[in-house]
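Tertiary structure, described
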Number of protein chains: 2
Amino acid sequence: MNKDYIVADKWSIIEEGFNDDHIKASESLFSIGNGAMGQRANFEEDFTGSTFLGNYIGGIYYPDKTRVGWWKNGYPEYFAKVLNAPNWVGMHLKINDTIFDLNLCEVSDFRRELNMQEGWLSRSFTAKLSNGNIIKVNAQRFLSIKRDEVGAIKYSVTAENFDGTLQFSPYIDAGIMNEDANYDEFFWEILSQSEADNEGCIVSRTLKTEFSVATAMKISFEKNGTIITAPKTANLEAKKMTFTYAIDVVKGETVTMYKYASSTSSLNHSEDAIVSEGYKNVQEAASTGYAELLAEQVAEWASIWEMADIVIEGDVKAQQAIRFNIFQLNQTYLGKDARLNIGPKGFTGEKYGGSTYWDTEAYCIPFYMSTKDAGVAKNLLMYRYNQLDRAIENAAKLGFTDGAALYPMVTMNGEECHNEWEITFEEIHRNGAMIYGIYSYVNYTQDFDYVRDFGIEVMVGVSRFWQQRATFSMDKNQFVILGVTGPNEYENNVNNNFYTNYLAQWSIEYTMQSLERIKKEAPEKYTALLAKLNLTDAELAKWKAVASNMYLPYSEKEGVYLQQDGFLDKELIPVADLAEENRPINQKWSWDRILRSCYIKQADVLQGMFFFENKFDKKTIEKHFDFYEPLTVHESSLSPCVHSIMAAYIDRMPKAYEQYLRTARLDLDDYNHEVHEGCHITSMAGTWMAIVQGFGGMRVWEDGKLTFNPQIPAEWTSYSFKINFRGQVIRVYKSQTECKYYDESDNEITIETLAVNA
Amino acid sequence: MNKDYIVADKWSIIEEGFNDDHIKASESLFSIGNGAMGQRANFEEDFTGSTFLGNYIGGIYYPDKTRVGWWKNGYPEYFAKVLNAPNWVGMHLKINDTIFDLNLCEVSDFRRELNMQEGWLSRSFTAKLSNGNIIKVNAQRFLSIKRDEVGAIKYSVTAENFDGTLQFSPYIDAGIMNEDANYDEFFWEILSQSEADNEGCIVSRTLKTEFSVATAMKISFEKNGTIITAPKTANLEAKKMTFTYAIDVVKGETVTMYKYASSTSSLNHSEDAIVSEGYKNVQEAASTGYAELLAEQVAEWASIWEMADIVIEGDVKAQQAIRFNIFQLNQTYLGKDARLNIGPKGFTGEKYGGSTYWDTEAYCIPFYMSTKDAGVAKNLLMYRYNQLDRAIENAAKLGFTDGAALYPMVTMNGEECHNEWEITFEEIHRNGAMIYGIYSYVNYTQDFDYVRDFGIEVMVGVSRFWQQRATFSMDKNQFVILGVTGPNEYENNVNNNFYTNYLAQWSIEYTMQSLERIKKEAPEKYTALLAKLNLTDAELAKWKAVASNMYLPYSEKEGVYLQQDGFLDKELIPVADLAEENRPINQKWSWDRILRSCYIKQADVLQGMFFFENKFDKKTIEKHFDFYEPLTVHESSLSPCVHSIMAAYIDRMPKAYEQYLRTARLDLDDYNHEVHEGCHITSMAGTWMAIVQGFGGMRVWEDGKLTFNPQIPAEWTSYSFKINFRGQVIRVYKSQTECKYYDESDNEITIETLAVNA
C-alpha cells in the first residue's frame with residue numbers, strides 16, 4: 001500500500017486534510033532548503049504527536065562513535081553525520097492560556113502547500129482548542145536562495161470566535177538531538193546567548209569538530225495588517241532562548257508574527273564574526289521585509305526553473321513528480337561551494353548521515369552539468385580531488401601501497417564512515433565511479449584541462465588501486481577481482497562481479513589514454529606528473545597486464561555476462577512469480593535468503609551497460625535487459641531510472657514509462673515505505689536522466705558529439721526540457737507527432753547545426 | 001612473542017615472581033571451577049592494578065540487548081551471556097590502617113600454584129607496605145567438587161616486622177558488572193541481605209531472566225594455629241556486605257582467616273529455599289572444617305584423574321599441558337546436569353557469552369565419552385534434544401518450514417544469540433554437527449535406543465533443513481548449497497563449501513539409515529514417529545533426491561575437493577612464505593584481505609576428512625593434507641588438534657607433534673595473545689583427541705569395532721591413557737619400543753580380546 005495522499009498539481013505539492021499518519025512523511029516531502037541548509041516541515045508551534053525534527057546546515061557534521069556488533073580491522077572509529085542544528089522555526093502559542101497544539105485540537109480545512117515554482121511552504125487550517133476558542137492560522141516560510149543563511153516565517157492567527165489574548169513565544173532551541181545518535185549523546189555545547197530588543201542569538205559549537213553556529217532571530221508583529229509593537233519577555237534557559245509576547249485581540253482580528261532567522265557558522269565566517277553576521281542577517285532581512293524577501297525568492301526560483309524545468313503536458317502527476325525531483329535537487333545542492341556535496345537524503349532527514357556516496361558521480365553530475373554552468377559539476381569533481389589524500393590513506397589502511405586510492409563508500413570529509421565489511425571494504429566499484437564522473441564531465445564539457453590539472457591524479461590513484469586489487473588466477477589464466485559487493489547490494493563478497501571487473505578494466509584503460517593525451521598535449525606536464533606521482537613504466541606495464549587480461553564472467557549458454565561467478569547456480573525465478581507477501585524482500589526475508597536468491601536490488605550488469613552503452617551493440621543490451629530485468633526488485637531508489645533509460649534505448653516504452661513513474665514518484669507515492677525518514681535526493685537526478693537520456697535519448701559521445709533520439713510515452717501529450725551544452729542552451733520539444741529543437745532565443749534549430757556536431 | 005612464564009611442572013601450573021603484565025593472563029590460567037561454577041584467579045584482597053573480575057555460575061545467564069551497526073532481518077534481539085555473579089572471594093585487608101594492595105607494595109617471593117592433582121589454587125608472597133610493615137601471605141582456595149555450591153578460602157597473614165593490628169574485612173559484593181555488557185547496564189537487582197554472628201547472605205536476582213542467587217559467607221579465624229574469636233562490625237551497603245575484624249598481632253604472629261562461601265540459586269532450589277540452603281552450606285562447610293573439605297577435594301580429584309589422566313614421560317611441558325587441558329575440561333563440565341553445557345571459555349572469562357557452540361558436538365563428546373560414563377555424553381545430546389523446538393523456531397524465522405530445524409550458532413537456552421549475518425545465518429554446518437555428535441555417540445556406545453527415543457527427532461529436523469536449504473542448479477544439474485560460511489570463518493558467504501555440502505548429504509543419508517533401522521527394529525515406534533513428525537514418503541523422496549545428487553566442488557587438475565567454488569582463483573601462497581609481520585592475519589589485515597586470501601583459519605575440508613576418514617582412502621587424505629595444511633594459519637583454537645590427528649594418521653609424526661604442542665599449550669604459552677580474556681576450553685577436548693585419536697590412533701568404527709594404532713613423538717619416552725569403553729576400562733601404554741594394553745585391573749590384554757572386537 002503506497003501513501004498517495006499528495007494532491008496532483010503541476011507546480012505544487014499539496015496535502016489536504018489533517019491526518020496523523022502522514023505527519024512524518026509530510027515533514028520529509030514538504031522540506032525546504034536553499035542548497036546551504038534545509039529544514040523539515042516541522043510545525044512552528046508545539047506538537048505532541050509523532051514528529052521528526054530536522055534542521056541541517058551543509059558541512060556541519062559530527063563524527064559519531066561507531067557502533068558495531070563485531071569489530072573488524074579497518075573499520076572507521078567514527079560515522080560522520082550531518083547534525084540536527086539548533087531549531088529556528090519553533091514557537092509556542094497560547095490562546096487565552098491554553099497551549100495550541102494540533103494534536104489536541106479539532107482541526108478543519110488543513111492544507112499544506114509546497115510551492116515549487118516560488119520556493120515556499122505554507123500551511124493553513126482552522127483549529128478549535130480544548131477551551132473552545134477557534135483560531136484560523138496561515139503560516140508560510142522559506143529559506144532564502146539569495147541570502148543563503150536566512151530563513152523567514154510569517155505566521156498569522158485569526159481569533160475566530162473569541163476575544164482575549166494570543167501569546168506568541170518564538171524561540172531558538174539549541175538543545176536538539178540527532179535521532180540516529182549511536183549512543184544518545186548530545187553533540188553540541190552552548191557557548192553564549194545574547195538578546196536585545198526583539199533580537200536574540202545563541203552560539204553553539206559541535207563537540208570534536210568544533211564548528212560554531214550562531215542562530216539568530218528577530219521578531220516583529222502586525223495586527224490586521226498594521227505593524228504593532230508588543231512588550232517582550234525574554235527567557236534564557238541553558239540551551240534555549242524564548243521571547244514571549246502577549247497580544248490582545250477581539251473576535252475577527254488577525255495577528256501576524258514575522259520571524260527572521262539566520263544560521264551563520266565558522267565554516268563561512270571567522271569564529272568572532274558569526275554573531276555579528278547573524279544579527280546583520282536578521283536585521284537586513286527585517287528591514288527588507290517579508291514581502292520583498294519573498295519576491296527575491298520567487299525571482300531566484302524563476303531563474304532556476306528557466307533552465308531546469310521540464311514541462312510535461314497531459315500527465316499532471318508526471319509533471320508534478322519531475323518538478324518535485326528537480327526542486328529537491330536544487331534545494332539540496334546549488335553548486336556554489338566545492339566543500340559541499342549531495343547527501344542521499346539531502347536536508348530532509350538524518351539517514352545515511354547526509355554524507356557523500358557514489359551517487360554523486362554516477363547519477364547527479366549529468367543533471368548539474370545540463371541545468372547549471374560547468375563550474376558546478378567541476379566543483380563536485382574538485383570535492384573528490386581535494387579528498388584524494390584521504391582516499392590514499394583509506395587504501396593504505398586496507399593494505400594497499402604506493403599511492404593507491406580507495407574513495408570511501410560514505411564520507412563527509414574524505415574519511416570513510418561506513419562500517420559493514422561487505423560494503424566498506426568490498427563495495428569498491430564506487431572507486432570506478434570517481435573516474436566515470438570525470439569521463440562524463442570531459443565528454444560533456446570537453447574540459448580536458450580539468451583532467452590534466454587535477455583529475456588525472458584521482459585517476460592514477462584509483463587505477464593503482466584496481467591494479468593492486470586484481471589478482472591473477474592461475475586457474476583462469478586471467479586477472480580476477482575476488483570478494484566484492486557490486487551495485488546490487490543483495491549480493492555480498494562475490495567473486496568477479498561483472499560490473500566491477502569491467503569498470504576496473506575500463507578505469508585503467510581510460511587513465512592510460514588520458515596519460516597518453518597529456519603526454520602528447522603537455523609533455524612537460526606529463527613529466528612533472530610522473531615525478532610527482534612516482535609513476536614508472538614498470539607500474540604502467542602492470543596496469544596494462546591487468547586491463548588487457550581481465551576476466552569477465554560470461555555464459556555461452558545464456559549468451560550474457562554474468563553478474564558474478566556462480567550466478568547461474570541460483571534458482572532463477574522471475575520477480576513476477578514471487579508471491580506479493582514476500583515483497584519488499586528486504587523487509588520480509590532474512591539476509592541469507594536474500595543473498596542466495598537471484599533477486600537484484602538495483603541495476604548491476606545493466607548499470608555497466610548504461611555507463612558503457614557504446615561498447616555493446618543494441619541486441620546485446622536487449623538480451624541482458626531481458627535476462628536481468630525480470631529478476632530485479634528495484635528496492636534501491638537508484639534502480640528504476642537506469643532500467644527506464646535502458647528500456648527506452650531498446651524501444652520498450654511501456655516498460656520505460658512504468659520505471660519512470662517508479663523513480664519519479666518514489667517519494668511522493670512512498671513506494672519503499674520510508675519517506676518519513678527523508679526523501680531520496682540523489683535518485684532524483686536519475687529521474688531527470690530518465691527523461692533527458694531515457695525518453696529524450698540524449699547522448700554525448702566520446703568524440704564530443706551530442707545526439708538525441710526522443711520518444712514519448714503514450715500517456716503524455718508532449719514534453720520538453722532544456723540543456724546547457726557548452727554554453728549553448730538547447731530546448732528539446734517532443735509531442736506524439738513531432739520533435740523540435742530550439743535555441744536559447746526559442747528559434748527552432750536542427751541538432752546538426754550545433755557547433756559541436758558540425 | 002608468546003608469554004611463556006609458566007613454570008614447567010608435571011602436576012601444577014606455577015607462576016614465580018610478581019609481574020604486572022601477567023595478572024590478567026594468570027587470572028584466566030589459574031581459574032578454579034567445579035563444573036557448576038567457576039572463579040577467575042582474582043586476588044582476594046584489594047588490587048588497584050589491571051584486573052578482570054569473574055565469578056560465573058553455570059546456567060545463570062542474562063539476555064543482553066543486541067548491539068549491531070546495521071540491523072538485518074532475523075537477527076536476535078538478545079545475546080545471552082553467563083553473568084559475572086556476586087563476588088564471594090573478596091576481602092579488604094588493612095595493616096595498621098594502611099590498605100594492603102599488591103599494586104602499591106614491594107613484593108617478593110611471589111608464587112602462585114594451581115595444583116591440578118588436588119584441585120586447589122594457592123598464592124604466597126612477602127609484601128612491604130608503604131607504611132614499612134612487612135607481611136607474609138599464604139592464601140589457598142578451591143571450589144568444592146563434592147559440594148558444588150561451596151567455595152573455601154584460607155588466608156594467612158604473618159606480621160614479619162611489626163606489632164599492630166590486622167584488619168580483615170571479608171565481603172560479598174553483588175554490585176558486579178559484566179565487562180562485555182553491551183550498554184554498560186547492571187544486570188542484577190538486590191533483593192535482600194541478612195547477617196548474624198559471623199555469617200551473612202545477599203540475595204540478588206538477574207533482571208529479565210529472574211534467576212535468584214543467594215551468596216552466603218561464614219568467617220572464622222585462627223591465630224598461630226589456634227581458633228580465636230574476634231568482634232565483628234557489619235557494614236551493609238546497597239549491594240555489598242562487609243564484616244570487619246580487627247586483630248592485634250605482635251611481630252612474627254600469623255592470623256588465618258577462613259572464608260566459607262556458597263552460591264545457591266533458583267536453578268536448583270525453590271526460590272524460598274536458597275537463603276536457608278546457603279546458610280546450611282556455609283555452616284556445614286565450617287563445621288566440616290577447611291582441612292577436611294580439602295581432603296574431600298583431593299579425593300574427588302583423585303577419582304577424576306584415576307580415569308582421565310594421561311601420563312607422558314620424558315616431556316614435562318607436554319605432560320603439564322595435557323593435564324591442564326583435562327583439568328580445565330573437568331572444572332568446566334562434569335556432566336551432572338543436562339541443562340548445562342561447555343562454553344568455549346568455560347568459567348574463565350566472559351567472551352563468547354559462556355554459551356554453547358558446535359564445539360560440544362564436534363570436539364567435546366569423545367572426551368566425555370571416554371573419561372566418564374556414557375550418561376555424561378548422553379546429557380550433552382539431551383541438551384540439544386530439549387532445545388529442538390527452539391531450533392525449529394529459529395529455522396522458521398529464516399523462512400524454513402514444516403519442522404526444519406536450525407540449531408543456533410551460539411545459545412544458552414536454545415535461542416540463537418549471535419548477530420553477524422555471515423555466521424548466524426550462514427555458518428549452518430553447525431547443524432550437521434548435531435547429527436555427527438549422535439553418530440559418534442552411537443558408534444561408541446552402541447546405544448541406538450537414544451536415537452530411537454530422542455535423537456531421531458533432532459536428525460529429522462536437521463535433515464529437513466538441509467533438504468530445504470539445498471537448491472537445484474540448472475547449470476550444474478545438481479543440488480548446491482549457496483551462501484554459507486564453513487568452519488574456516490576466513491571465508492564468508494561462499495557457494496558450495498565442500499565440508500557443508502558433504503555433511504548435509506551425509507546427514508540426510510545417516511538419518512534415512514537410522515529411520516530404516518527404527519522401522520526394522522521397532523516398526524510401531526516408526527509408525528508413531530512418522531505420525532508425530534508428519535514425515536511422508538513424498539518428503540523422504542525429496543531428501544533422497546538432494547542426498548543422491550549433491551554437488552561437491554572438485555578440481556580434476558589438483559585432484560582435490562575444493563574448499564568452495566572458486567577456491568582456485570585465489571593466489572595460493574603458502575603460509576610459510578608470508579612475512580611474519582602479517583601474522584596473525586586476523587590482527588594485521590582488514591577483513592576483505594583475509595577473505596580474498598587463501599588462508600584457512602581452521603580445518604575445513606580437513607575437518608570433513610577427520611569426521612569421515614573412513615570414506616576416503618589414505619592417499620586421498622594425504623593429498624588433501626598436503627594441499628590445505630600449508631595454507632592453514634590455525635588462528636582458531638579448534639584447528640591444530642585436527643591437523644595433529646590427521647598428520648598422525650598419514651604418518652607425519654613431526655607435524656603431528658608440532659600441532660599437538662600448539663593445541664596443548666595454546667593458553668599456557670598464549671599463542672593467540674588473548675588468554676587474558678579466558679582459556680579456550682572446548683579446544684582442550686581437541687588436545688585430548690590429539691593424543692588419543694592422533695598419537696594413539698583410536699578409532700571406533702560404524703560396525704562397533706574399536707581399534708588403536710599407537711605412535712609416539714620422538715620427543716617422548718612414553719605415554720599412556722585410559723578410555724572407558726562400554727563399561728570396560730582400557731589403558732593404552734606406548735613407549736618408543738613397545739605398545740601395551742591393560743584392563744581395569746592392570747592386567748595386560750590384547751585388543752582382540754575385547755568383547756566388542758570379538
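Scroll up for the structure.
What counts as what
Residues numbered from 1 in each chain as written. Chains lettered and ligands numbered in written order. Predicted model: local features only at pLDDT ≥ 70, side-chain atom pairs only at ≥ 80, totals over all residues. Helix = DSSP H or I, 4+ residues; strand = E, 2+ residues; numbered from the N terminus. Rg over C-alpha atoms; globule rule 2.2 N^0.38 Å. Buried ≥ 20, exposed ≤ 12 C-beta atoms within 10 Å, placed from the backbone. Contact = placed C-beta atoms within 7 Å. Nonpolar A, V, L, I, M, F, W, Y, C, P; charged D, E, K, R; others polar. Core = buried A, V, L, I, M, F, W, Y, C linked by C-beta atoms within 7 Å. Pairing = 2+ DSSP bridges. Expected span 1.5 Å × (residues − 1). Arc of directions from axis to C-beta.

1. Comments concerning the overall build of chain A
Tallying secondary structure elements over chain A gives 20 helices and 31 strands in all. For 758 residues, the compact-globule estimate of 2.2 N^0.38 gives 27 Å, and the C-alpha radius of gyration of chain A, at 27 Å, lies within 12% of that figure. With respect to the principal axes defined by its C-alpha atoms, chain A has extents near 85 × 55 × 55 Å. Here chain A holds 758 residues, and the buried ones make up 54% of them. Taking as baseline every contact in chain A between residues at least 6 positions apart, the subset at least 24 positions apart corresponds to 68%.

2. Remarks on the interface of chain B and chain A
Taken together, the 40 residues of chain B in the interface contact 40 residues of chain A. Those elements giving two or more residues to the side of chain B that touches chain A turn out to be β21 (471-473) and α15 (591-596) of chain B. Considering each element in turn, the side of chain B that touches chain A owes the most residues, five residues, to α15(B). Grouping the constituent residues of the side of chain B that touches chain A by class yields 12 nonpolar, 14 polar and 14 charged.

3. Thoughts on the environment of B:Ser130
With respect to the secondary-structure elements, B:Ser130 resides in the loop between β9 (120-128) and β10 (134-143). Sequence spacing of B:Ser130 and B:Asp101 is 29 residues, and the spatial spacing of their C-alpha atoms is 9.9 Å.

4. Observations regarding the nonpolar core
Soluble globular proteins tend to bury their nonpolar side chains together. Membership of the largest hydrophobic core comes to 444 residues, with the highest contact counts inside it found for A:Ala405 and B:Ala405. The residues touching B:Ala405, leaving out its near neighbours within four places in the chain, are B:Leu388, B:Ala391, B:Ile392, B:Ala395, B:Gly461, B:Val462, B:Arg464 and B:Phe465.

5. A closer look at the sheet that holds strand β4 (residues 55-65) of chain B
Residue and element names in this part refer to chain B. The strand order across the open sheet built from four strands is β2-β3-β4-β5, with neighbouring strands paired in antiparallel fashion. Only two strands of the sheet have a single partner each, and these edge strands are β2 (32-33) and β5 (78-84). Where strand β3 (residues 37-39) lies against β4, three bridges are found, and the strand directions are antiparallel. Following the sheet pairing, Gln39 is matched in β4 by Asn55.

6. Some remarks on helix α13 (residues 537-548) of chain B
Residues and elements named next belong to chain B. Its 12 residues place the ends of α13 16 Å apart at the C-alpha level, agreeing with the 16 Å of an ideal helix rising 1.5 Å per residue. Along α13, the residues that are buried comprise Trp543, Val546 and Ala547. Down the axis of α13, the smallest arc covering the buried residues is 95°, so these residues share one side. For α13, the exposed residues lying more than 90 degrees away from the buried face are Asp537, Ala538, Ala541 and Ser548. Looking at the buried residues of α13, the elements they touch are α10 (448-469), β22 (478-480) and α11 (498-521).

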